[in-house]
2 protein chains.
Amino acid sequence: MERKILLSETEIPRFYYNIVADMPNKPLPPLHPGTREPITPDLLEPLFAKELIMQEVSSERYIEIPAEVRKIYAQWRPTPLFRAYGLEKLLKTPAKIFYKYEGVSPAGSHKPNTAVAQAFYNKAEGIKKITTETGAGQWGTALSYACQLFDMECEVFMVNVSYQQKPYRKIMMNSFGGIVHASPSSLTESGRKVLAANHGSSGSLGIAISEAIERAATDPTAHYALGSVLNHVLLHQTIIGQEAVIQMEKAGLMPDIVVAPFGGGSNFAGIAFPFLQMNLQNKDKIRCIAVEPTSCPKLTRGEFKYDFGDTMGLTPLLPMYTLGHDFMPSPIHAGGLRYHGAGVIVSQLLKDGLIEAQAQTQLKCFEAGMQFIKAEGIIPAPEATHAIASVIDEAIRCREEGKSETILFNLCGHGYFDMSAYDAYLSGQLVETDVNGSQIAASIKSLDALQPA
Amino acid sequence: MERKILLSETEIPRFYYNIVADMPNKPLPPLHPGTREPITPDLLEPLFAKELIMQEVSSERYIEIPAEVRKIYAQWRPTPLFRAYGLEKLLKTPAKIFYKYEGVSPAGSHKPNTAVAQAFYNKAEGIKKITTETGAGQWGTALSYACQLFDMECEVFMVNVSYQQKPYRKIMMNSFGGIVHASPSSLTESGRKVLAANHGSSGSLGIAISEAIERAATDPTAHYALGSVLNHVLLHQTIIGQEAVIQMEKAGLMPDIVVAPFGGGSNFAGIAFPFLQMNLQNKDKIRCIAVEPTSCPKLTRGEFKYDFGDTMGLTPLLPMYTLGHDFMPSPIHAGGLRYHGAGVIVSQLLKDGLIEAQAQTQLKCFEAGMQFIKAEGIIPAPEATHAIASVIDEAIRCREEGKSETILFNLCGHGYFDMSAYDAYLSGQLVETDVNGSQIAASIKSLDALQPA
């Protein structure tokens, strides 16, 4: 079998897949924080394009991808599916491991899939500027790229800890024309409040979202865009899994397990939903595993309840697994996974036992990342190493049980802008913190026990 | 037409193409610096694998690629060929522009094509360690990656200015298991001599080569590897052009112009030689243009003569275009192009009028790079922007002359490890120096005149 399974541009999906159509229990509605009544779509219009609001509440199974968006996707899509022969060999596992590589996109991750769509719909409605937040910078880069394609301005509030850790991400956003602020900033009331309480705040996605929303809400020519969590964002990412289904068919194998890192849900939804569709429609039994950091464990240790999507409470109340909207995650290097809540759809699927969740420590993730570099020659983003850590666990289980299962995971982005994190790891400076932010381990040496034989 | 032209793994070339077989005037022989007699291959055996020495002096047209090497190539090859629709639109040119994208390799450039082959042949002869130099770090990364595949040690002397400018390149080499020293270093006699004369030397490829050669020559289990200049290195890179020939055939077009950046010649040879073969064999008239920096202009302002390949004079005398082996290039960001000489084969081809050479300023190259980012969404390595600058010149000429020529260039690597260079450019800190190292311009503002309309 070839090492890479490639598709032609004619095989770029024509529709986004909306899993709501197939869910046994539909997601609960977002509530107005004052009245606690379900919100009406028009309340969202100051922030989002009408077409995106329609997608947010749609229960149609398939939503057509605009031709112009498909044309832009063709710059890097379909993305390759790799057979991880090197990793299988390193782990001496009978498991067959595949990964879908989204790092070939202009922003280096899966994020442009939705950024391009969101920019397109906003442009179509005459919007001049889009504001957003970014954690590790992947999303801000993607939206900067997408806005530039449509001649719109892009303003990014970047979580302060990542802004400090990843200066080159900022330059990349600037190269694509994006304007970047460290968050919390003094540009918004939300930011000023946080800074007043803690001048050196490392920030969080929740705070950055508050800032970006406030900025868009006070500018009639601007809209806001979110890179994960919301239904329409997850929807756009399903092109990843749709391509992977075709590619796995070409490989003559279907996965027993599909694994993805979990921040707000778009990465996981992107690869998993088209396989979950088989479970829901055909009674297939593909295990779909979302992997989060142990330091931000909303799926494995959070509570399912109505909570705000941002720190300051500017969003509607969303029914989700959450650690509380004021939860302040440790400054781990996987900035894209530092979010207190899980998207509404994914939360409902987890509550209904239709998907699984696992948590991995930062040290184990970097160790997994190093094994992947050695075996496959690609440097994964810290977010992606969470999936790799769980894939390695499952592959070792397969070895121990003598099972030849097929495992597919989403290699959602490359780590070329995260070399300071690998530097910290290689020099024994990486710190492990628990959910309360207490340091529980440091240094490379504590990892010896984690090495697969 | 599709935006990307992809090939299957079965289309990875089976042979390296040796242009010596088709050259009207064969390259002059390297000379022993003492006797000035042609050197015999056995003199090279302390440094190189026998198979590589045979390739170095071969005049066979095709040299078979080992199956194991082809299998490794399949990790990222064949690389995609892109139609640059975005750039064509931006330039309003009737020219058809294509680029072969080598940045998809594990090291992010074309360098693994030869690194893997060199590591393979050295391993086959029982070598335990390979030493080398690196400029921007692309080559050192590639050799670190390749050595790890074959369980060999890799020791890299990295030109000091790049070592300072690109710390993450060092970490990437470390991630692939490479050991990296800033050059000049105190580990070698060559390095110590340079440091004694200039304690803060920014280094050069010539000095780093001296150090790496000295290190290999004094260790019987070690060999040396060069990332460009030598015949066998250029040979290995011809798989780029061979793939591009098939891809252009699939596009139904043959290039009128082939463009590549020029450091020592491997990048240019890689894409151009299979097209030059058509010129030499079929009397086609494809213009092949090598593009160098104005601050290191051996092709456009150097002299064709016998000179050393390194600064200290440890190599045989090579017949080449050179600025003198003690030439100290300005610390431009395109570290891979800071070499005083041109490979022997390319020098002969230029002398015989079979190829063209152009020089571009650093400021114009970064301006071209920014246009490419905007139009195509890929951040090019500073080396690659030299090709882009000349491609833009030719595309504008086509517009002015109303000609629809087909232009192909080698996008030899991505610039994700060169963001400090883009930062310097965007913040107006980029300095332009002439061949003597004098500053002739700085800041982004001086570029207004260079903008295509």
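About the thresholds
- Numbering of residues starts from 1 in every chain and runs along the sequence as written.
- In the order they appear in the text, chains get letters beginning with A and ligands get numbers beginning with 1.
- In view of the model being predicted, local features appear only for residues whose pLDDT reaches at least 70, and side-chain atom pairs are presented and counted only at 80 or more, with totals across whole chains, interfaces and linings using the full set of residues.
- Values shown for side chains rest on all heavy atoms present in the structure; no hydrogens or waters enter the calculation.
- The axes are straight lines fitted to the C-alpha atoms, using for helices just the contacting stretch, and the angles between their N-to-C directions are given from 0 to 180°.
- Only DSSP runs of H or I with at least four residues qualify as helices, and only runs of E with at least two residues qualify as strands; both kinds are numbered from the N terminus onward.
- Here a crossing is called left-handed whenever its near helix is offset anticlockwise from the far helix by less than a right angle, and right-handed whenever the offset is clockwise.
- By definition in these notes, contact holds between two residues if any of their heavy atoms fall within 4.5 Å.
- Residue polarity is assigned by list, with Asp, Glu, Lys and Arg as charged and Ala, Val, Leu, Ile, Met, Phe, Trp, Tyr, Cys and Pro as nonpolar; anything else, Gly included, falls into the polar class.
- Burial status follows relative accessibility: with a 1.4 Å probe on protein chains alone, a residue under 20% of its type maximum counts as buried, one over 50% as exposed, and anything between as partly exposed.
- The pocket and cavity definitions rest on a 1 Å grid over protein atoms only: a 1.4 Å probe that fits but cannot leave marks a cavity, an open set with protein on both sides within 12 Å along at least five of seven lines marks a pocket, and residues lining either have an atom within 4 Å of a point.
- Grid points are joined across faces, edges and corners, and a volume is the space filled by probe spheres set on the points.
- Note on pairing: DSSP must find at least two bridges between two strands before they are called paired.
- A clockwise course of the path from the first strand over the helix to the second, judged with the strands pointing away from the viewer, identifies a crossover as right-handed.
- The least-squares superposition of copies is restricted to C-alpha atoms, and to residues with a pLDDT of at least 70 in both copies.

Caption draft 1: Representation of the packing of helix α4 (residues 112-124) of chain A against helix α5 (residues 138-149) of chain A. Residue and element names in this part refer to chain A. As a packed pair, α4 and α5 sit with axes 8 Å apart at the nearest point and diverge in direction by 40°. With respect to the hand of their crossing, α4 and α5 are arranged in right-handed fashion. On α5, the residues touching Pro112, Thr114, Ala115, Val116, Gln118 and Ala119 of α4 are Trp139, Ala142, Leu143, Tyr145, Ala146, Cys147 and Leu149. Taken together, the residues that form the contact of α4 with α5 break down as 11 nonpolar, 2 polar and no charged.

Caption draft 2: View of the environment of Ala421(B). Residue and element names in this part refer to chain B. Along the chain, Ala421 falls in helix α16 (residues 419-426). Relative accessible area serves as the criterion here: at 0%, Ala421 is assigned to the buried category. For the pair formed by Ala421 and Ile332, sequence separation is 89 residues and the distance between their alpha carbons is 9.1 Å. Not counting residues within four places of it along the chain, the set of residues in contact with Ala421 comprises His333, Phe366, Pro382 and Leu430.

Caption draft 3: Looking closely at the environment of Val104(A). Within the secondary structure, Val104(A) sits in the loop between β5 (96-101) and α4. Sequence-wise, Val104(A) and Cys412(A) are 308 residues apart; in three dimensions their C-alpha atoms are separated by 9.5 Å.

Caption draft 4: The arrangement of empty space enclosed by the protein in detail. Within the structure shown, the criterion is met by 10 cavities of 30 Å³ or more. For the largest cavity, the calculated volume is near 570 Å³. Lining the largest cavity are 34 residues, with Pro80(A), Val104(A), Pro80(B), Tyr101(B) and Val104(B) sitting closest to its centre. Among the residues forming the lining of the largest cavity, the class breakdown is 20 nonpolar, 11 polar and 3 charged.

Caption draft 5: Summary view of the pairing of strand β7 (residues 153-159) of chain A. All names here are of chain A. Most of β7 is tucked away: 6 of the 7 residues are buried. Direction of pairing for strand β6 (residues 129-134) relative to β7: parallel, over a ladder of 6 bridges. Pairing of Ile130 across the sheet is with Cys154, part of β7. As for the winding sense of the linkage, the β-α-β connection from β6 through α5 to β7 is right-handed. Here β7 pairs with strand β8 (residues 179-183) via 5 bridges, running parallel. Bridge pairing in β8 places Phe157 opposite His181.

Caption draft 6: Quick peek at the relation of the copies chain B and chain A. Of the transformation placing chain B onto chain A, the axial shift is 0.0 Å and the rotation is 180°, giving an RMSD of 0.0 Å. On this basis, the relationship between the two copies can be described by a two-fold rotation axis. Relative to the rotation axis, the closest C-alpha in chain B is found at Tyr416(B), a distance of 3.2 Å.

Caption draft 7: The sheet that holds strand β7 (residues 153-159) of chain B, seen in detail. Residues and elements named next belong to chain B. Overall, parallel pairing links the 4 strands, which are arranged β8-β7-β6-β9 in an open sheet. Two strands bound the open sheet, and with one partner strand each, they are β8 (179-183) and β9 (222-224). The average angle at which neighbouring strand axes cross in this sheet is 25°, direction not considered. Its contacts with the sheet put helix α5 (residues 138-149) on β6 (129-134) and β7, and the angle it makes with β6 is roughly 165°.

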